[in-house]
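So you can see what is in the structure, the chains are spelled out below.
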Number of protein chains: 2
Amino acid sequence: MNSDLEVHAADPLGMEPDEMRRLGYRVVNLVVGHFETRAVGPASRTGTPVDLYGALGGALPEDPGDPDEVLARLVDFALSHMRHTGHPRAFGHIPCPSSFAAVLGDWLATGYNAPASAWAMGSGPTAVEVVVLDWLRELVGLPAGTEGVLVSGGSMANLTAFATARAACGGGVVYMSDQAHAALRRDLFALGFAPRQVRVLPSDDNLRLAPRVLNAAVAQDRAAGRKPFLVAATAGTTSSGTVDPLNEIADLCAAEDLWFHIDGAYGAPAALCTAGRAALAGIERADSLVLDPHKWLFQPYDAGCLLIRRPGALRKAFAIDAEYLKDTGSACGEPDFRDRSLELTRRSRALKLWLTFQIYGTARIRDAIAHAMELAEFAENFLRQNTTWEVVTPAQLGIVTFALQHADEHTHAERAAAVTASGYATVTHTKLKDRSVLRLCITNPTTTKKDIVSTLDRLAQKPRECLPVVR
Amino acid sequence: MNSDLEVHAADPLGMEPDEMRRLGYRVVNLVVGHFETRAVGPASRTGTPVDLYGALGGALPEDPGDPDEVLARLVDFALSHMRHTGHPRAFGHIPCPSSFAAVLGDWLATGYNAPASAWAMGSGPTAVEVVVLDWLRELVGLPAGTEGVLVSGGSMANLTAFATARAACGGGVVYMSDQAHAALRRDLFALGFAPRQVRVLPSDDNLRLAPRVLNAAVAQDRAAGRKPFLVAATAGTTSSGTVDPLNEIADLCAAEDLWFHIDGAYGAPAALCTAGRAALAGIERADSLVLDPHKWLFQPYDAGCLLIRRPGALRKAFAIDAEYLKDTGSACGEPDFRDRSLELTRRSRALKLWLTFQIYGTARIRDAIAHAMELAEFAENFLRQNTTWEVVTPAQLGIVTFALQHADEHTHAERAAAVTASGYATVTHTKLKDRSVLRLCITNPTTTKKDIVSTLDRLAQKPRECLPVVR
């Protein structure tokens, strides 16, 4: 630390540039190698606490370690014991087939440590975020003038939407169906909404929020002197991919003067392709819309997005004012993103999205989404042709749910667990109202029909016949 | 998209591995080049909306672009127009001298897309987070058994702390000084606290939260039938680096049965070195503590940390339960981090910290923090020896504030803006109660004494004499 000399070390903790490059190339090789060979390795592997803490734990290290040994340990233990949600047979939850161009964009944001808090802090990263948000707005069909912000994921995006709507309209009762994501309730309670202000309405036989039921609940609340405030529709439920009747709910919200929120965290990107756009009719009428690029826009974690139709509403909810920030207030009318969510210091999540759209082009992304939706339809048709199975909900935005004939929840859980534990694929089970189902979520365009058929074949077998796959 | 073949594309959007490697190396070269040459370029540059949107904007691109041209555009525009908070003369706000080992760790997390939501989703990344949180706990001296979670920064960490304390103790009135960060108020209002529940108390002449004032406020609230709940002390205020009297406040909290929260977002890592530990006496008594590794632990954005003394309190506040998550509940007693904050899908922020401590060792990090604190003392002494200046607050955790003799706020703002606009250094001004001051925050160990002296010399000059520095 040559504080008396002109020379500045490249790295604050003293790594030399040649070593930085050498280790950087090594990381590139590791990651590209992972992309190349992922499909022939397990989709998931879980370690034991003893093994993982044995390899990764211990006291705070006082002395420097050998970088190569340390890197190898991180890869061999931390990064080999997880669900690879970009694996072509990752069918559980909502997979995340992140693209390499997005990885490059995120690497640049991290390497340059790009701040996206305010125009004066990072005009370049701010401009990229403005551009990307406008692309996402266009993608779902919201009007010009819509504002937005990138956050860490769907939970934070929904929370940010609810806080924004409350600041604009004063709060009141929120309505959603029993198929809405549990994180929405967690968000609302964290924001201080009381249990009586969060009404979870029974979904109809098609697992949708029925306008009739919604209308009755709103009327009941008004009669009881409560203030209806916001409807949280879902565009692609996590369990079955079902889309609430968005146009009808939009009509109801307009008539009743309610804020129309849509949680499209995983489903909204499907608006890019024709079939998805049809399934999502009415999405463009949202007052606020959540869309997670780290779900179905080929981005690595984390990238969530909130779009708000009403200009200035985000700023009204979140503008921060402090003496020590006065040097960085925007003088040119451009947004300071620290005033659009609860994050003040913010990493730039927009660079990776920008690079993805620029390098691949939207056409390829659209085709990839359409292709995955077709694969889910293939899965549905395959299931229908096989008497082992009963389709419970058809392919909707990449998700199909199904049941083994005469099977109960225990059997489904056991089958999903066995296939996942084998490493061949990750599969989850869920419940649709009281019905136990297995579930495939297919959003990865590199998934093959053979992947789907082989996974279903394995799910049809009793667990002991399911051989482990270890890389 | 060869859905009928065995072959799986490496990249979901079709980039070939050779091209992935080529572009990956290019990104490494760009980033290492940035580390190497950062000090000779400007500390900050701001673009105009016309230039930036001209280069980066336009319609959603339908067709693929030339990756090399696109990458170059991103670097030349987005990443060249920002504050480089790792520049040796980045003295504004809280700088972020991120280390290259941390960059490598984050690159691996992004490249492998490591999930840290639940043990069954990512046992490896979860284990790393458990290990790193325990290191951070040890660093500040909290007892074994303390739990934690990594979040996106100080704002989210403070919000998570307040929500946790409320779930544990039922809420009530929160106390803080007028020097506490404005983000704390934003957090509390977002959580639904009413203005009357947030008491901002006048700091004493040393800008500290005086126990006498705090005690009186608590007594007043009890007398009025309100429930005192939580004291938010600051360990390193953003304006001046001042540490509230932690031991005295801890005593008061113990006597009054209040939750003792400490916002040590930037200051807490100084506990690693002897001088910092002395300044932070009592930090180990916190019920909850916020510490941002992306401020003074050499991490790129984003990395915030919350530590909670009471085991189980985070889970009580945030546990989420949903049918479609049942496949991934922890069966081995290990934490599911999705149950410790509002994030469900979570990127792994722990890998970069783990790699930093492992590659450099704690000794080097400790020395780097101690060295920066000494540089701030050098700045203070230099200012004291120069009649142009008056030191307003001494060097405290790397921050020194000072005033030009007889200058008003306008003059200070103008001087800070001119030096920042020149690109030579970033400097901010602030107000300490009613006193306008300039401020240097020195946390980067690559800063030289010459950097400090030259920056102060430029601040002493009238703006027109301050020549621009352009790379």
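Since the structure is predicted, the reported quantities are computational estimates derived from the model, not experimental observations. (Residues numbered from 1 in each chain as written. Chains lettered and ligands numbered in written order. Predicted model: local features only at pLDDT ≥ 70, side-chain atom pairs only at ≥ 80, totals over all residues. Heavy atoms only, no water.)

Student: Summarise the overall build of chain A; cite the residues concerned and give the values.
Tutor: From N to C terminus, chain A includes 16 helices and eleven strands. Computed over its C-alpha atoms, the radius of gyration of chain A comes to 24 Å, within 12% of the 23 Å expected for a compact globule of 471 residues. Its C-alpha atoms give chain A principal-axis dimensions of about 75 × 65 × 45 Å. Long-range pairs, those at least 24 residues apart, make up 73% of the contacts in chain A between residues at least 6 apart in sequence. Carbon together with sulfur atoms contributes 50% to the accessible area of chain A, which is approximately 14,600 Å² in total. Looking at charge distribution, chain A has the averaged site of its 47 positive side-chain charges lying 6 Å from that of its 53 negative ones. (Helix = DSSP H or I, 4+ residues; strand = E, 2+ residues; numbered from the N terminus. Rg over C-alpha atoms; globule rule 2.2 N^0.38 Å. Contact = heavy atoms within 4.5 Å. Areas by Shrake-Rupley, 256 points an atom, 1.4 Å probe, with all protein chains shown as cover. Lys, Arg positive; Asp, Glu negative; His and termini not counted. Charge placed at Lys NZ, Arg CZ, Asp CG, Glu CD.)

Student: Please give an account of the interface of chain A and chain B that cites residues and values.
Tutor: At the junction of the two partners, chain A supplies 171 residues and chain B supplies 171 residues. Applying the counting rule to chain A against chain B returns eight salt bridges. Between Arg347 of chain A and Asp106 of chain B there is a salt bridge, with the nearest N and O atoms lying 3.8 Å from each other. The tally of links from chain A across to chain B stands at 70 residue pairs in polar contact (both at pLDDT 80 or more). (Salt bridge = Lys/Arg side-chain N within 4 Å of Asp/Glu carboxyl O. Polar contact = N/O pair within 3.5 Å; in protein donor to acceptor, adjacent residues only side chain to side chain.)

Student: Explain helix H9 (residues 246-256) of chain A to me, and be specific about the residues and the numbers.
Tutor: All names here are of chain A. Inspection of H9 places Leu246, Ile249, Ala250, Leu252 and Cys253 among the buried residues, and these make up the whole buried set. For H9, the angular spread of the buried residues around the axis is 165°, confining them to a single face. Facing away from the buried side of H9 by more than 90 degrees, the exposed set consists of Ala254 and Ala255. Tucked inside the fold, the buried residues of H9 contact helix H8 (211-223), strand S4 (228-234) and strand S5 (259-263). Of the residues one or two after H9, Asp257 is the one with positive phi, at around 60°. (Buried < 20%, exposed > 50% of the residue type's maximum accessible area, 1.4 Å probe, protein only. Arc of directions from axis to C-beta.)

Student: Go over the sheet that holds strand S9 (residues 399-404) of chain A, please, and point to the residues and values.
Tutor: Residue and element names in this part refer to chain A. As summarised here, the arrangement of the four strands in space is S8-S9-S11-S10, forming an open sheet in which the pairing is antiparallel. At either margin of the open sheet sits one strand with a lone partner, and together these are strand S8 (389-396) and strand S10 (428-432). Taking each pair of neighbouring strands and ignoring which way they run, the sheet shows an average axis angle of 35°. Sheet analysis places S8 next to S9, joined by five bridges and oriented antiparallel. Bridge assignment links Glu390 to a residue of S9, and that residue is Ala403. The strands that helix H15 (residues 409-422) touches are S9, S10 and strand S11 (435-441); relative to S10, the one it contacts most, it runs at about 155°. (Pairing = 2+ DSSP bridges. Axes fitted to C-alpha atoms, helices over the stretch in contact; angles between N-to-C directions.)

Student: Provide a residue-level description of helix H16 (residues 449-460) of chain A, including the pertinent values.
Tutor: Residue and element names in this part refer to chain A. Between the first and last C-alpha of H16 there are 17 Å, a value that for twelve residues agrees with the 16 Å anticipated at 1.5 Å per step. Among all positions in H16, only Asp451, Ile452, Ser454, Thr455, Leu456 and Leu459 are buried. Buried residues along H16 sit against helix H14 (362-384), S8, S9, H15 and S11. (Expected span 1.5 Å × (residues − 1).)

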